[in-house]
Amino acid sequence: MKGELKIYNTLTRQKEVFTPLHKDYVGMYVCGPTVYGHPHLGHARAAVTFDIVFRYLKHLGFKVRFVRNITDVGHLEDEVAGEGEDKIAKKARLEKLEPMEIVKLYTESFHDAYRALNNLPPSIEPTASGHIIEQIEWVQQILDNGYAYEADGSVYFDVLKYNESHPYGKLSGRILEDLLETTRELSGQDAKRNKVDFAIWKSVSEEHLMQWNSPWGKGVPGWHLECSVMSTKYLGEQFDIHGGGMDLLFPHHECEIAQSVACCGKESVRYWMHNNMITINGQKMGKSLGNFITLIDLFAGTNDLLEQAYSPMTIRFFMLQAHYRSTLDFANDSLKAAEKGYKRLTNAFNLLEKLAHSGNETAADAVEDAKILETCAACYTHINDDFNTALVLADLFELSNKINSFFNKQLPLNAISAATFAKMKTTFQAFFTDVLGLKDEAQDGNSDVTDGLMELILEIRADARTNKDWSTSDKIRDQLKALNIQIKDGKEGTTWTVN
RNA sequence: GGUCGGAUGGCCGAGGGGCUAGGCAGAGGUCUGCAAAACCUCCUACACCGGUUCGAAUCCGGUUCCGACCUCCA
């Protein structure tokens, strides 16, 4: 029933049937953020994309270890000779804070945003600074294996040497000769033998706030190294899925492959997955372009580009409406449309809970019954097709129509069999809640007291309506509306929702 | 310049040789004390020019435009 999952593998440029290395277990690593600023919409996209992967694999019954790192060191701002400055250290100097203070502040900001978006926390969240020793060991091993050289206290990966026996560029589709011709010439070139070489250990000057002792002198690990080191440490020399943003494809992931091969003698990743970018006015939203909107601003509506605040679930829904490998353009109108769509779906989700099937074993309407079963199956077909959440949402909307019709008695519940009803209920709920990670955020602040009060108020209003006391009933409705509570009179009594 | 990707109805977005998602907006209708919600119906599009094919938005070639990566980036 659940079928087989196909994943688009960047390495082979095609969808492949997913089979884990070890039966029933899945190892998955995703490149996390560098914590030197608040998370923005782009970070949310990556987080939601791989949260879906994590959730669905779990839904399929796999035992998943999901590792997502926090980069808190070693991320050189630029490679101008001798002046490479660590991002964290730079920000610390600017704000006159300790590096660890910066790391703490933004790590928590990321956690807050991830939680608000209803992303499940990863199984392990390792930091680069916590794995300096392991990284030094890797540098040494790569040196010992002859794929790196030391120069001026730094250690560089020898790409040309590596390429003699292994194709460098296979993941991003690059040819080394082209790279040698086109790679930008950096001013005051450093000790690298070739411009395509990259640092796996970088010496830094005395003044640097963050540095560690190593066999090659004081310095910091090269950025690409941490992911290779931490992924294999927690998932083994070979593991199933490695994810990240498309912008990390080259050079970051390419370097990771080279490092793994150079150190361990084999590639560690089986399925490479990359999510596409969020764009704004057709251009990539990014830190360096400065055209990003932080999630804090989005949730609060505090940014000139925003016409209103957008809730975490609205943003999640917005992203799920597009396929993760397509670019997704930010626009107020799109967010507003997503907000309405999300509310409609959530409403159906809540109504489904209230439906009670009479128990008839045969469907009164065989066509309707078959249609619903078909849609339930389609949810799996679609998520299995490289996580096509857009189509899954379309399926859920289809089911929503039925749920609403049942609830409003526009379609009798006995039209479908008890078994079909049960299937519809479990499928809808499983996809809405467990797989897509959606929830009714309007319920977040509600308590039993609120529910009790609303019950009482609606009872009073029902009495007024029975007595045709329209002024009282309308007064209740209007006043509640002012409190953002929407009253909906139906055949089976009145329901309410918080807007 | 090199490599790769994209152009879909009023808007957002799936899909990807014949069955022509979905959401939002709009029009009409049903229901309703009124309203809201809901349901039903309608609005049927794939940048341009050639080609392949019984048939192309979908495949191939070309053109135009846009973007990504090649430097840190989710």
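Here the structure is a predicted model, which is why all the values come from computation and not from measurement. (Residues numbered from 1 in each chain as written. Chains lettered and ligands numbered in written order. Predicted model: local features only at pLDDT ≥ 70, side-chain atom pairs only at ≥ 80, totals over all residues. Heavy atoms only, no water.)

> So what about the sheet that holds strand β4 (residues 63-68)? Which residues, and what values?
Read across the open sheet, the four strands follow the order β4-β3-β9-β10; overall the sheet is parallel. Each having just a single partner strand, β4 and β10 (269-275) make up the two edges of the open sheet. Within the sheet, the average angular offset between the axes of one strand and its neighbour, ignoring direction, is 20°. (Pairing = 2+ DSSP bridges. Helix = DSSP H or I, 4+ residues; strand = E, 2+ residues; numbered from the N terminus. Axes fitted to C-alpha atoms, helices over the stretch in contact; angles between N-to-C directions.)

> Explain the side chain of Glu-339 to me, using residue names and the numbers behind them.
Structurally, Glu-339 can be placed in helix α11 (residues 332-354). Buried within the structure, Glu-339 lacks any salt-bridge partner; its nearest side chain of opposite charge belongs to Lys-343, at an N-O separation of 4.3 Å. Those residues in contact with Glu-339 that sit more than four places away from it in its chain are Gln-308 and Thr-314. (Buried < 20%, exposed > 50% of the residue type's maximum accessible area, 1.4 Å probe, protein only. Lys, Arg positive; Asp, Glu negative; His and termini not counted. Salt bridge = Lys/Arg side-chain N within 4 Å of Asp/Glu carboxyl O. Contact = heavy atoms within 4.5 Å.)

> Account for the confidence of the model for chain A, naming residues and giving values.
Averaged over every residue, the pLDDT of chain A is 92; the share at 70 or more is 96%. Overall, residues 78-82 carries pLDDT values under 50, and its contacts beyond four positions in sequence, including any with other chains, amount to 10 contacts. (pLDDT = per-residue confidence, 0-100.)

> So what about the packing of helix α13 (residues 389-407) against helix α14 (residues 418-435)? Which residues, and what values?
Look at α13 against α14: their axes get within 11 Å of each other, and the N-to-C directions meet at 135°. If you check the angle between α13 and α14, you find them oblique. Handedness of the α13/α14 crossing: left-handed. Facing Val-392, Leu-396, Leu-399, Ser-400, Ile-403 and Phe-406 of α13, the residues of α14 in contact are Met-424, Phe-428, Phe-431 and Phe-432. Class assignment of the residues belonging to the contact of α13 with α14 gives a composition of nine nonpolar, one polar and no charged. (Parallel < 35°, antiparallel > 145°, perpendicular 65-115°, else oblique. Left-handed = near helix turned anticlockwise from the far one by under 90°. Nonpolar A, V, L, I, M, F, W, Y, C, P; charged D, E, K, R; others polar.)

> With reference to specific residues and values, describe the side chain of Asp-386.
Relative to the assigned elements, Asp-386 resides in the loop between α12 (366-384) and α13. The buried category is assigned to Asp-386, whose relative accessible area is 0%. Looking at Asp-386, its side chain comes within polar contact range of the side chain of Arg-325, at 2.8 Å. Dropping the residues within four chain positions of it, Asp-386 is found in contact with Lys-6, Ile-7, Tyr-8, Lys-15, His-323, Tyr-324 and Arg-325. (Polar contact = N/O pair within 3.5 Å; in protein donor to acceptor, adjacent residues only side chain to side chain.)

> Any details on the packing of helix α2 (residues 87-95) against helix α3 (residues 99-116)? Residues and values, ideally.
Packing of α2 against α3 leaves a shortest axis separation of 8 Å and a crossing angle of 100°. What the angle tells us is that α2 and α3 run roughly perpendicular. Contacts between α2 and α3 involve Ile-88, Lys-91, Ala-92 and Glu-95 from the first element and Pro-99, Ile-102, Val-103 and Tyr-106 from the second.

> Which residues make up the pattern of salt bridges, and what values go with them?
Evaluated as defined, the whole model comprises 19 salt bridges. Taking the shortest distance from any N to any O, the salt bridge between Glu-108 and Lys-104 comes out at 2.9 Å. Of this pair, Glu-108 and Lys-104 both sit in helix α3, four residues apart, which is roughly one turn of that helix. For Glu-108, a relative accessible area of 40% translates into the label partly exposed. Residue class for Lys-104 comes out partly exposed when judged on its relative accessible area of 49%. Note that Arg-461 and Asp-489 form a salt bridge whose closest N and O atoms lie 3.0 Å from each other. Taken as a pair, Arg-461 in helix α15 (residues 448-466) and Asp-489 in strand β14 (residues 485-490) lie far apart in primary sequence, 28 residues in all. Classification of Arg-461 as buried rests on a relative accessible area of 2%.

> Please provide a residue-by-residue account of a negative patch on the surface, values included.
A cluster of acidic residues, Asp-448, Asp-451, Glu-455, Glu-459 and Asp-463, forms a negative patch at the surface. Mapped onto the fold, Glu-455 is located in helix α15. Accessibility expressed as a relative area gives 55% for Glu-455, which makes it exposed. (Patch = residues over 30% accessible without salt bridge, like charges linked within 9 Å, V, L, I, M, F, W, Y side chains within 5 Å. Areas by Shrake-Rupley, 256 points an atom, 1.4 Å probe, with all protein chains shown as cover. Charge placed at Lys NZ, Arg CZ, Asp CG, Glu CD.)

> Lay out the domain arrangement of chain A in plain terms, naming residues and giving numbers.
The domain architecture assigned to chain A consists of domain 1 (6-275), domain 2 (280-441) and domain 3 (445-498). Placing a centre on the C-alpha atoms of domain 2 and another on those of domain 3 gives a separation of 27 Å. Each partner contributes residues to the interface: domain 2 has five residues there, and domain 3 has five residues. In total, domain 2 and domain 3 occlude about 460 Å² of area from one another, counting both sides; carbon and sulfur atoms represent 56% of this. Together, Asn-347, Phe-407 and Lys-409 form the three largest contributors to the area buried by domain 2 at its contact with domain 3, with a combined 64%. Summed over the shared surface of domain 2 and domain 3, the result is zero salt bridges. The class makeup of the residues in the side of domain 2 that touches domain 3 is one nonpolar, two polar and two charged. (Domains from an automatic or database assignment. Buried area = accessible area lost by both parts, 1.4 Å probe.)

> Go over the sheet that holds strand β7 (residues 198-203), please, and point to the residues and values.
Across the sheet, four strands lie side by side as β5-β6-β7-β8; this open sheet has antiparallel pairing. Looking at strand neighbours, the two that pair on one side only are β5 (148-151) and β8 (219-221), the edges of this open sheet. For this sheet the average axis-to-axis angle between neighbouring strands, irrespective of direction, equals 20°. Summarising the sheet, strand β6 (residues 154-157) and β7 pair through three bridges and their orientation is antiparallel. For Val-155, the partnering residue across the bridge sits in β7 and is Trp-201. Against the sheet, helix α4 (residues 132-144) engages β5, β6, β7 and β8, with an angle of about 120° to β7.

> Got a sec to walk through the nonpolar core? Specific residues and values, please.
Across soluble globular proteins, nonpolar side chains show a tendency to be buried alongside one another. The biggest cluster of nonpolar side chains holds 76 residues, and the ones touching the most others in it are Leu-57, Ile-241, Phe-330, Phe-387 and Phe-428. The dominant element in this core, judged by the number of residues it contributes, is helix α1 (residues 41-59), at nine residues. Here this core spans two domains, and each of domain 1 (6-275) and domain 2 (280-441) adds at least three residues to it. Here Phe-330 is in contact with Leu-41, Ile-278, Thr-279, Ile-280, Met-285, Ile-293, Leu-298, Leu-305, Leu-306, Phe-318 and Leu-335, once residues within four sequence places are set aside. Ranked by size, the runner-up nonpolar core spans 40 residues in total, among them Ile-142, Tyr-147, Tyr-162 and Trp-272. (Core = buried A, V, L, I, M, F, W, Y, C linked by side-chain atoms within 4.5 Å.)

> Go over the packing of aromatic side chains with me, naming the residues and quoting the values.
Evaluated as defined, the whole model comprises 16 aromatic pairs. Taken together, a centroid distance of 5.9 Å and an interplanar angle of 35° make the contact between Tyr-149 and Tyr-156 tilted. Accessibility classification places Tyr-149 together with Tyr-156 in one group, the buried group. Taken together, the ring pairs in this structure connect Tyr-147, Phe-157, Tyr-162 and Phe-198 into an aromatic cluster. Stacked on the ring of Tyr-147, the Lys or Arg Lys-161 has its end atom at 5.1 Å from the ring centre. Seen from the ring of Tyr-8, Arg-325 lies directly overhead, with NZ or CZ sitting 3.8 Å from the centre. (Phe/Tyr/Trp six-rings, centres within 6.5 Å; stacked < 30°, edge-to-face > 60°. Lys NZ or Arg CZ within 6 Å of the ring centre and 35° of its normal.)

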